[in-house]
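Spelled out from the first residue to the last, the chains are:
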Amino acid sequence: MWQLRLYIAGQTAKSVAALSNLQHICEERLAGKYRIEVIDLLRNPSLARGDQILAIPTLVRRLPSPVKKIIGDLSNAKRVLVGLDLREL
């Protein structure tokens with residue numbers, strides 16, 4: 001089971017795009033094998049410390065190990081797939 005955390009700051013265009021792009025990629029590649037946790041740092045800013053979040057939106061792959069991070073709106077699907085180890089370079 002893939003555990004993904006998406007850190008956002010409110011419902012900005014980039015945050016909405018990042019979630020939409022992530023959901024699309026996960027449904028295409030990981031259907032039924034993933035869980036996305038969305039963390040809004042406007043509501044809970046202290047949660048940024050746990051995963052050392054410096055920019056938003058940021059995707060953190062918690063499982064499978066190792067932990068990986070991707071910053072941005074996740075619009076470059078190839079970069080996201082490589083970053084998540086779902087596709088070779």
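A brief look at the structure comes next. Source: prediction; values computed, not measured.

What counts, and at which threshold
- Residues numbered from 1 in each chain as written.
- Predicted model: local features only at pLDDT ≥ 70, side-chain atom pairs only at ≥ 80, totals over all residues.
- Heavy atoms only, no water.
- Salt bridge = Lys/Arg side-chain N within 4 Å of Asp/Glu carboxyl O.
- Helix = DSSP H or I, 4+ residues; strand = E, 2+ residues; numbered from the N terminus.
- Buried < 20%, exposed > 50% of the residue type's maximum accessible area, 1.4 Å probe, protein only.
- Core = buried A, V, L, I, M, F, W, Y, C linked by side-chain atoms within 4.5 Å.
- Contact = heavy atoms within 4.5 Å.

What follows covers the pattern of salt bridges. Using the criterion set out here, one finds 6 salt bridges in the structure. A salt bridge links Lys68 to Asp85, with the nearest nitrogen and oxygen atoms 3.2 Å apart. Pair noted here: Lys68 is in strand S4 (residues 68–71) and Asp85 is in the segment after helix H2 (77–83), with a separation of 17 residues, a long-range link. A residue is classified by how much of its surface remains accessible, and Asp85, at 47% relative accessible area, is partly exposed. Shared partners join several salt bridges into a network, and the residues in it are Arg5, Glu37, Asp51 and Arg62.

In this model, Leu63 is joined to Pro64 through a cis peptide bond whose omega is 0°. Position of Pro64 relative to the elements: it lies in the loop between strand S3 (58–63) and S4. Even without glycine at this site, Gln52 takes up a positive phi of about 50°. Within the secondary structure, Gln52 is located in the loop between strand S2 (34–40) and S3. Its relative accessible area of 60% is what places Gln52 among the exposed residues. Phi is positive for Leu74, which is not a glycine, with a value near 60°. Structurally, Leu74 is set in the loop between S4 and H2.

With that out of the way, let us pick up the nonpolar core. Membership of the largest hydrophobic core comes to 16 residues, with the highest contact counts inside it found for Leu4, Leu6, Leu22, Leu59, Leu74 and Leu84. Counting only elements with at least two residues in this core, the list comes to strand S1 (2–8), helix H1 (13–29) and H2. The residues touching Leu22, leaving out its near neighbours within four places in the chain, are Leu4, Leu6, Ile36, Leu59 and Leu74. Listed in part, the 6 residues of the second largest apolar core include Tyr7, Ile39, Ile53 and Val60.

Spatial relationships are all this shows, so hold off on functional conclusions.
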